[in-house]
Structures are given as structure tokens and as C-alpha cells.
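# Structural overview
Given next are the chains, with one letter for each unit.
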Amino acid sequence: MEIQPLATYAGPTGKFVADTCAPLRQASDANEVKMSAYGRGTYPGVALEADALPQLKSVGTWEATCDQQWGLDWHRNEGIEISCLTAGSLDFSCESEEYDLVAGDLTIMRPWQLHRVGRPNVRSSTLTWFIIDVDVRRPNQEWVWPSWLPIPASDLARLTELLSHNERPVWRANKALLSAVTTLERTLRGQVSQPMARIATATTEVLIELRDLLENETPVLNPYLSSTERTVRWFITQLPDRISEPWTVEQMAGECGLGRTRFVHHCRQILNISPLEHLNALRLTQAADLLSGTDLRMSDIAHACGFASSQYFATCFRRRFNRTPVEYRQHCRSVALA
């Protein structure tokens, strides 16, 4: 399979890179696991043709008959990812929570949600999964499902609500859902005619049964997970890592998919100051750290912290710390020597 460039996007939480599942690919090549999969881009398996099931990024199943020396470390995927453990056990983590999966457990990962498989290594297990890119690059964007899913629009809308507002990453599959997953698993492993049609049918069945499962379980849904405010909070959280960029308020708002007025409103609600005031404070804090901990020139510090000129940097710094950058550095050194 030809390796294509990594899927990336610069979103509210910074630049994300889609996972390549490289450890799984290597384990499969070394015959440490039996893998039957189809993938697009950098995902492992038989390469999907350009016109075959668009938006399907990866679908596959692995069988590890003994504990492995590899795992899938913290990563993100660009689409909604559904995985089901049909045999064995598996260590799984999502954001700050850890789970011990057993056969019959199912995981739901929203687009770009941070997770890992293994702690750090994968145990003896059989796992079946698929990843569908629903064209989400910010939490408040609408999901766009592929046209090959023969599911009525009203059902897709409810499925989207259930998945996008779902805070619970691990579920217990019922008999009907396990049957649908098993059908997908058999399809992936078998030499069948028209495999894409069968994969589409099996994937659709899994989604339909998953929708019914979630409806019957009546999960607590959190609309905040797909809210505009959450997008702005995510952006603010990651802004310290991007202070060197020449931000304007319009550019910040654009990163969040908002207009200037709405973006500034959310920033003031969250921070009690304007976005540019917050950015300037972050830049000055970083500059102070560089002055006290490095020997970088003033011009280099100003550039690294996103100031347009050394003079403007010095003016802002003195206004904040009541010292020039040179005086601040001298003060920090004298304190360290005392």
C-alpha cells in the first residue's frame, strides 16, 4: 500500500495529526497478529480505491492470540471511531480515564478525541473497528455522513446527536450489536465477492444497532461537547503553544468558525478580558520565562513571543513588570546568585 501524507488540521486545540497505527502495521507484517483490514491514507490494510466508500478511513479486525510487545499510544483519529472487543481483554484509556475492556465491550471515540489502546502493550484479544470521517474539524461543526449509508436522514440526525453529545466512551454491546460486529468481522476475514458492498452493509447494521442501544440505555447527553463555547475554550487552552503566530481577533475567531463579535463575547465570558489582552499576557509571561532562563537576545525573545518589534516588546514588558527586559534579566540573575 502506498503511504500517503498524514491527515492533519489546525483546529482550536492546535495542529492534530491523524494516527498511522504504525505499531499494528509492523506487528501484522511480522505475523505477530492476524489483521484483516482496509485503509485509506496512512491507515493499515489493503488500500481503498478513491471511489470506494468515501469517508471510510479504516475498517478492520485483528486477532492477537498472545500478549503483545506493542500498543497504540496516545493518538487521535479524524473520524468517529467505533471499536468492539469480541474476545480476550484489552487495556484502554480515553483522555483522563482508564478502562479494562473485556469481550463484548464497545468503545466510541468522537472525532479527534484523545485515546490509547494498551497500557502500554496490547493483550491477547480480537478487536474489530471502523473509522468514518464525518468532516468535523471543530466541535460545533455539523457532521456530514457518507452518502453510501442507507440510513434515513432523521435516524442519522438522532445518531449524530447521540454520538456527538456522548461523554461515555465504553459501552456494553447487546446481542444484536455483537451479531452485527461479528458479521463485519467475518466479512473482513472472508474471501467474498463485492467486499465493499458487504462492508457497507455490515457497517450500516452496526450503526443502526448502536443507535438502538444508546436509545435504550438513555445516556446522559451533553450538548456542551458540540457547543460554540467549548470550541472557544479549546482554542484558549491551546493558545499558549501558538503565541508566536501573528494573531488578529479575526484570525482567532476564524479558527473557531465564528464571527468577531461572537468570539469576543465568549472570550469575555470565559476570561473576563478581551482575546488580545489575554494573548498579550501569555506573550509577556513567556517572555519573562525566557529572560530568566535563557541567554537569548531581546530581539529573539520578542520574535519567539509574537511581538512585532523589540521596541513594542520592551514597552509592553515595562508596563506589565515595571522593569525593562534588561533590568528584569539582571534582577533574576542577582536573585539566583544571592
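Criteria and thresholds
- Here the residue index of a chain counts from 1 through its sequence in written order.
- Where totals are concerned, whole chains, interfaces and linings use all residues; where local detail is concerned, this predicted model gives features only for residues with pLDDT of at least 70, and gives and counts side-chain atom pairs only at 80 or more.
- Hydrogens and water molecules were not included; the side-chain quantities draw on all heavy atoms of the structure.
- pLDDT expresses how confident the predictor is about each individual residue, on a scale running from 0 to 100.
- Here a helix means four or more residues in a row that DSSP labels H or I, a strand means two or more in a row labelled E, and each is numbered from the N terminus.
- We call two residues in contact whenever any of their non-hydrogen atoms come within 4.5 Å of each other.
- Every axis in this analysis is a line fitted to C-alpha atoms, fitted for helices over the stretch in contact. Angles between the N-to-C directions lie between 0 and 180 degrees.
- The cut-offs work like this: below 35 degrees is roughly parallel, past 145 is roughly antiparallel, 65 to 115 is roughly perpendicular, and the gaps in between are oblique.
- Two helices crossing with the near one rotated counterclockwise from the far one by less than a right angle form a left-handed crossing, whereas a clockwise rotation gives a right-handed crossing.
- Each residue is assigned to one of three groups, with Ala, Val, Leu, Ile, Met, Phe, Trp, Tyr, Cys and Pro labelled nonpolar, Asp, Glu, Lys and Arg labelled charged, and all others, Gly among them, labelled polar.
- Here the expected length of a helix is defined as 1.5 Å per residue gap, with one fewer gap than residues.
- Categorising residues by exposure relies on relative accessible area from a 1.4 Å probe, with only protein chains included: less than 20% of the type maximum marks a residue as buried, more than 50% marks it as exposed, and the intermediate range marks it as partly exposed.
- Buriedness of a pocket was judged along seven lines, with at least five required to meet protein on both sides within 12 Å; pockets are open sets of points on a 1 Å grid over the protein atoms alone, cavities are sets where a 1.4 Å probe fits but cannot get out, and lining residues have an atom within 4 Å of a point.
- Grid points are joined across faces, edges and corners, and a volume is the space filled by probe spheres set on the points.
- Classification of ring pairs uses Phe, Tyr and Trp, with its six-membered ring standing for Trp, and accepts pairs whose centres are within 6.5 Å; under 30 degrees between planes counts as stacked, over 60 as edge-to-face, and the remaining range as tilted.
- By the criterion adopted, a ring carries a charge over it if an Arg CZ or a Lys NZ lies within 6 Å of its centre and within 35 degrees of its normal.
- Think of the arc as the fan of directions from the helix axis to the C-beta atoms.
- Take a side-chain nitrogen of Lys or Arg and a carboxyl oxygen of Asp or Glu: if they are within 4 Å of each other, that pair is a salt bridge.

### What about the confidence of the model for the protein chain?
- Across the protein chain, the average pLDDT comes to 88, with 90% of residues at 70 or higher.
- The element-level mean pLDDT for the protein chain is lowest in strand 1 (residues 8-11), coming to 47, with strand 11 (residues 125-132) highest at 96.
- Low confidence marks residues 1-6, where pLDDT is under 50. Its contacts with residues over four positions away, or in another chain, come to 16 contacts.
- Across residues 9-13, where pLDDT falls below 50, the model places 21 contacts with residues more than four positions away in sequence or in other chains.

### Some points on the packing of helix 5 (residues 228-238) against helix 7 (residues 260-271)
- Their axes nearest at 10 Å, the elements helix 5 and helix 7 cross at an angle of 70°. As judged from the angle between their axes, helix 5 and helix 7 are roughly perpendicular. The interaxial crossing formed by helix 5 with helix 7 has right-handed handedness. Seen from helix 5, the contacting residues are Thr-228, Glu-229, Val-232, Arg-233, Phe-235 and Ile-236; seen from helix 7, they are Phe-263, His-266, Cys-267, Ile-270 and Leu-271.
- By residue class, the composition of the contact of helix 5 with helix 7 is 7 nonpolar, 2 polar and 2 charged.

### Observations regarding helix 2 (residues 153-164)
- Counted at 1.5 Å a residue, the expected span for helix 2 with its 12 residues is 16 Å, and the 16 Å between its end C-alpha atoms agrees.
- What helix 2 keeps buried is the set Leu-156, Leu-159, Thr-160, Leu-162, Leu-163 and Ser-164.
- Elements in contact with the buried residues of helix 2: strand 7 (80-94), strand 9 (105-109) and helix 4 (195-217).

### What to know about the side chain of Thr-203
- For Thr-203, the position within the fold is in helix 4.
- Thr-203 sits in the buried class, given a relative accessible area of 0%.
- Once residues within four sequence positions are removed from consideration, Thr-203 is found in contact with Phe-130, Ile-132, Trp-148 and Leu-184.

### Quick look at empty space enclosed by the protein
- Overall, the coordinates contain 2 cavities of 30 Å³ or more when judged by the stated rule.
- Roughly 190 Å³ of volume is contained in the largest cavity.
- Together, 23 residues line the largest cavity, and Leu-72, Glu-81, Ser-83, Val-117 and Leu-127 are the ones closest to its centre.
- Mapped by element, the contributors of at least two residues to the lining of the largest cavity are strand 6 (72-75), strand 7, strand 9, strand 10 (115-117) and strand 11.
- The leading source of residues in the lining of the largest cavity is strand 7, at 6 residues.
- Of the residues belonging to the lining of the largest cavity, the class tally is 15 nonpolar, 5 polar and 3 charged.
- Each pocket or cavity is described by its volume, and for the second largest cavity that value is around 40 Å³.
- Together, Ile-82, Ser-83, Cys-84, Leu-106, Thr-128, Trp-129, Phe-130, Val-181, Leu-184 and Val-206 line the second largest cavity.

### Things to note about the packing of aromatic side chains
- Within the structure shown, the criterion is met by 12 aromatic pairs.
- Seen in terms of ring centroids, Phe-307 and Phe-313 are 5.2 Å apart; in terms of plane orientation they differ by 45°. Their pairing is tilted. Across this residue pair, the class does not change: Phe-307 and Phe-313 are buried.
- Through a chain of ring-to-ring contacts, three or more aromatic side chains come together here, namely Phe-307, Tyr-312, Phe-313, Phe-317, Phe-321 and Tyr-328.
- Over the ring of Trp-171 we find Arg-168, and its NZ or CZ is 3.7 Å from the ring centre.

### A few points about helix 10 (residues 310-321)
- Across its 12 residues, helix 10 extends 16 Å between first and last C-alpha, which sits within 8% of the 16 Å expected from 1.5 Å per residue.
- For helix 10, every residue scored as buried is listed here: Phe-313, Cys-316 and Phe-317. Seen from one end, helix 10 has its buried residues packed into an arc of 100°, which puts them on one side. Exposed and facing more than 90 degrees away from the buried side of helix 10 are Gln-311 and Arg-319.

### As for the environment of Leu-239
- By the element assignment, Leu-239 lies in the loop between helix 5 and helix 6 (249-255).
- The class for Leu-239 is buried, based on a relative accessible area of 2%.
- In this structure, the C-alpha to C-alpha distance between Leu-239 and Phe-307, residues 68 residues apart in sequence, is 15 Å.

### Regarding the pattern of salt bridges
- For the structure on display, the rule yields 19 salt bridges.
- For Asp-100, the salt bridge is made with Arg-119, and the minimal N-O distance between the two is 3.3 Å. With Asp-100 in strand 8 (residues 97-102) and Arg-119 in the loop between strand 10 and strand 11, this residue pair connects regions lying 19 residues apart in the sequence.
- For Asp-100, a relative accessible area of 52% translates into the label exposed.
- A relative accessible area of 29% places Arg-119 in the partly exposed class.
- A cluster of three or more residues bridged by salt bridges with shared partners is formed by Asp-91, Glu-98, Asp-100, Arg-116, Arg-119 and Arg-123.

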